Number of protein chains: 2
Amino acid sequence: MKPDSNTPDSLPRVIIVGGGFGGLAAARELKEVRAQVGLIDKTNHHVFQPLLYQVATGILSPEHIAAPLRHVLGKQTNTIVLKETVIGVDAEKKLCVVEGVMTGAPVSLPYDYLVLATGVQNNYFGNDEYAPFAPGLKTIADADGLRNRILGAFENCERTLDPKAHPELLTFVIVGAGPTGVELAGAIAELARLTLASEFRRFSPTSLRILLVGSDPRVLPPFHESLGAAAKAKLEKMGVEVWTGTRVDKVDAEGVIIKGERIPSRNVFWTAGVKPSPAAKWLGVEADKGGRVKVLADCSVPGHPEVFVVGDTAAFEKNGKPLPGVAPVAIQQGRYVGRLIAGRLRGKPAPRPFKYFDKGNMATISQGFAVMESFGMRKAGLFAKLAWAFVHIQFLVLPSNRFSTAFQWLRVILTHQRLARLIIEPDRPNPGETQP
Amino acid sequence: MKPDSNTPDSLPRVIIVGGGFGGLAAARELKEVRAQVGLIDKTNHHVFQPLLYQVATGILSPEHIAAPLRHVLGKQTNTIVLKETVIGVDAEKKLCVVEGVMTGAPVSLPYDYLVLATGVQNNYFGNDEYAPFAPGLKTIADADGLRNRILGAFENCERTLDPKAHPELLTFVIVGAGPTGVELAGAIAELARLTLASEFRRFSPTSLRILLVGSDPRVLPPFHESLGAAAKAKLEKMGVEVWTGTRVDKVDAEGVIIKGERIPSRNVFWTAGVKPSPAAKWLGVEADKGGRVKVLADCSVPGHPEVFVVGDTAAFEKNGKPLPGVAPVAIQQGRYVGRLIAGRLRGKPAPRPFKYFDKGNMATISQGFAVMESFGMRKAGLFAKLAWAFVHIQFLVLPSNRFSTAFQWLRVILTHQRLARLIIEPDRPNPGETQP
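Residues numbered from 1 in each chain as written. Chains lettered and ligands numbered in written order. Predicted model: local features only at pLDDT ≥ 70, side-chain atom pairs only at ≥ 80, totals over all residues. Heavy atoms only, no water.

*Asks:* Got a minute to help me understand the interface of chain A and chain B in this structure?
*Replies:* Reports of interface size often rely on the accessible area that becomes lost once the parts have come together. The interface of chain A with chain B comprises 81 residues on the first partner and 81 residues on the second. Interface of chain A and chain B: buried area, both sides summed, is about 7,100 Å²; carbon and sulfur atoms make up 53% of it. When the buried area of chain A at its contact with chain B is split by residue, Arg70(A), Arg159(A) and Arg201(A) rank highest and sum to 12% of it. If you look at where chain A meets chain B, you find nine salt bridges. Salt-bridge contacts for Lys83(B) lead to Glu425(A); the nearest nitrogen and oxygen are separated by 3.2 Å. (Contact = heavy atoms within 4.5 Å. Buried area = accessible area lost by both parts, 1.4 Å probe. Salt bridge = Lys/Arg side-chain N within 4 Å of Asp/Glu carboxyl O.)

*Asks:* Even after reading the chapter, I still don't get the pairing of strand β26 (residues 369-374) of chain A, so can you show me in this structure?
*Replies:* For a regular strand, the rule is simple: side chains alternate between the two faces of the sheet. Residue and element names in this part refer to chain A. Along β26, six of the six residues are buried, which leaves the element largely enclosed by surrounding structure. Residues Phe 369, Val 371 and Glu 373 point to one face of β26 and Ala 370, Met 372 and Ser 374 to the other, with burial holding for every one of them. Across five bridges, the pairing between strand β25 (residues 361-366) and β26 is antiparallel. Opposite Asn 361, over in β26, you have Glu 373 as the bridge partner. Connecting β25 to the antiparallel partner β26 that follows it, the hairpin turn spans two residues. Two elements, β26 and strand β27 (residues 377-381), share five bridges in a ladder whose sense is antiparallel. In the sheet register, Ser 374 faces β27, and the bridge partner there is Met 377. Count of turn residues in the β26/β27 antiparallel hairpin: two residues, of which Phe 375 carries a positive phi of about 50°. (Buried < 20%, exposed > 50% of the residue type's maximum accessible area, 1.4 Å probe, protein only. Helix = DSSP H or I, 4+ residues; strand = E, 2+ residues; numbered from the N terminus. Pairing = 2+ DSSP bridges.)

*Asks:* I would appreciate a short explanation of the pattern of salt bridges in the present structure.
*Replies:* Side-chain pairs of opposite charge can arise where the charged atoms are in close proximity. All names here are of chain A. Counted under the stated rule, the structure contains 30 salt bridges over all chains. The shortest N-O distance in the salt bridge between Asp 112 and Arg 13 comes to 3.9 Å. Placement of Asp 112 in the loop between β8 (107-110) and β9 (113-116) and of Arg 13 in strand β1 (residues 13-17) is noted, with a sequence separation of 99 residues between them. When its relative accessible area of 23% is taken as the criterion, Arg 13 is described as partly exposed.

*Asks:* What is the right way to look at the nonpolar core in this model?
*Replies:* Within soluble globular proteins, side chains that are nonpolar tend to cluster in buried spots. Among the nonpolar cores identified, the biggest contains 72 residues, and Ile65(A), Phe154(A) and Phe172(A) are the most heavily contacted of them. Residues Phe48(B), Ala56(B), Leu137(B) and Ala387(B) belong to the second largest nonpolar core, which totals 71 residues. (Core = buried A, V, L, I, M, F, W, Y, C linked by side-chain atoms within 4.5 Å.)

*Asks:* It is not clear to me how the relation of the copies chain A and chain B should be interpreted in this structure. Could you clarify?
*Replies:* The two chain copies are connected by a rotation around an axis plus a translation along it. By a simple turn and slide, chain A fits onto chain B: the slide is 0.0 Å along the axis, the RMSD is 0.0 Å, and the turn is 180°. These values place the two chain copies in the arrangement generated by a two-fold rotation axis. Minimal C-alpha separation from the rotation axis in chain A is found for Ser61(A), amounting to 4.0 Å. Of all interface residues in chain A, 100% are interface residues in chain B too; the two copies therefore contact each other through one and the same surface. (Least-squares fit on C-alpha atoms with pLDDT ≥ 70 in both.)

Nothing here speaks to function; it is geometry throughout.
Dropping the structure here:
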């Protein structure tokens, strides 16, 4: 890594892989240290994943919830940002291997400290053939794709001369009743009822059918039972069919099969589970049964005190249970590891073990209804929704994101309009047209 | 067309193809008539094409310059919006043939009046093989693709260990020195100089090379010579190499060949020309040598008084010269034809022939510099830029677009930040990763 030609090559090198909550928090803690810091991400932006469902349903634009990493770290002159794809790690030789751009041959970047904050991807539990028919929601590109599908469903229904004969067009099946599934189901229901209701002529958008299917006996399994029940009641009131304790037998181009019954649907979305990045494989170290890297009390990897794993891709045990894959864990671990490395570079003694400070959980269902549990307090309704909005605005990385998101929310609530509802597809040549 | 079940089938049917400036203007004029109006577009939005270059360079988001057609016409209850692709017209039987959605078989929609406002597409003048290497800028998807390429060029340069050895990465070749080419060249130069300059470590973004290549002896050929010269001088001051009177011999994956010389470039963009939609072919009527439908003084097609062609795809002669392919022509023709049809449906006499009211031309070069000519007045500089901004804001179709675009412009000018600069690409599996 050569951050710039003025930096002596003798400075210690810190490579952080992943520009999500964990990686960005670690990078920011290294602002003042005399080191060459490199932040590597596949994309050029940090994205606030918990709000992707709002991009998928036309409430927010991608620009509201994403920030160019280069801009966020632009003034941090000891840090270089690389839009690169990591393909492996040589933990013995302390090399991080990336794709490279020009020759096609991989490039090895030497490090003194390595932080892997590489997150998770969709988990189809061995049924990867479902992926094209049941996309998930992890990136801005995913959210754009989902938005095309959701809005396209209504458009296609208007195109048919007989919408009633084609229930598959307006049946939405959301597999997974965790926070993302619940939030997506609620947002689609509101999109139809509040925004689209008056804009179609051949059918009523409120005639849509939304199935929320979860294998757990309750919705929002990480939350207290009473909040799961409140969320379920609210969703049902909004017209969502909530099928808990139910597994999907099959997903294909025609829809889903549940309990032997075929449910025709062109709109199946997958929020049922995640699997970690291949960090454990890269490092050749022990993983838990989900595939996450087992880390020590300081988030380092056993046998490699200079390698750290944080966030969703790390298995950090607390009272025998791994910490959940949520943003606050990633942020706190990233910050801890960033400070630890900064301290070590300054010759300070090792800090106390990482300790997660759990501020609670929240999930939103409608414009005026959310559930939250925090410090023993449980709330379902408008108060929880206001707390949700406040906390989520805080989490956005740039002040300009915060301002524009708050403003957009206000606009959507007041006007019920969702103007970020563009279907953006590459143009095709007209079928009837011959090239000149 | 069945706009809704309450509309008697006996009402006259008006089909408008294309939701650009012309089609939308026609549709809005038909608001009050007792008719079934159908507006058909391939996309679900109207887009303000003259500002696409700002989306391609991260100044604006797609949402700033696009508006869902369904929302724009939502309250116009006699009108149905269809996201459909027209594949032909049967002018004898008065049928508009669309792709259809469910069966794969085309669907024929009967009309009493037909308005074709189907615009233009890129013209590679017989070299369609250039298209993948030299994309154009006609749709939001095009603008997103260009933004990925432009920003990706800087990202790839930072990824190489030796940027100087790879001039092709940071060489931008813009083919076509009309308004779009000039505006794109200026916006890329400012992106590098104002926004990106401090954010890279291995190279200076201002070391980029921008070539603007035009076959005409001057830039902005439709403008007065003095304004073309002023635009050229300003571009050159901004570091753009302006090659007028120059043709590109070849475009391929390695770059371009100009006057026998190979110029390596990964970033070739095509703004050199347009060709009309296949409307003349659909109708089986006479076209001018560019392929545009020759229309009569009321914008109707000879032999088909119920068929009208407006905007870029029509050849309307004035003093022996066709009107230019610009937004004001499309808007004025669309409005004229909408009123004409509304009048005919009400039994009013035929209006006077269409007359284009030319308010002038403008093109922008930098944040503080534009050129304009209007009612004999010619200006180059800040005044023209302010006029440009004012006029372009006016043209945006929704008040909310106007407000948010004005606000965003102010933000970009004050902060030099372009936060709408996301590279949005579908995720690929990690090359080193095996599927579980």
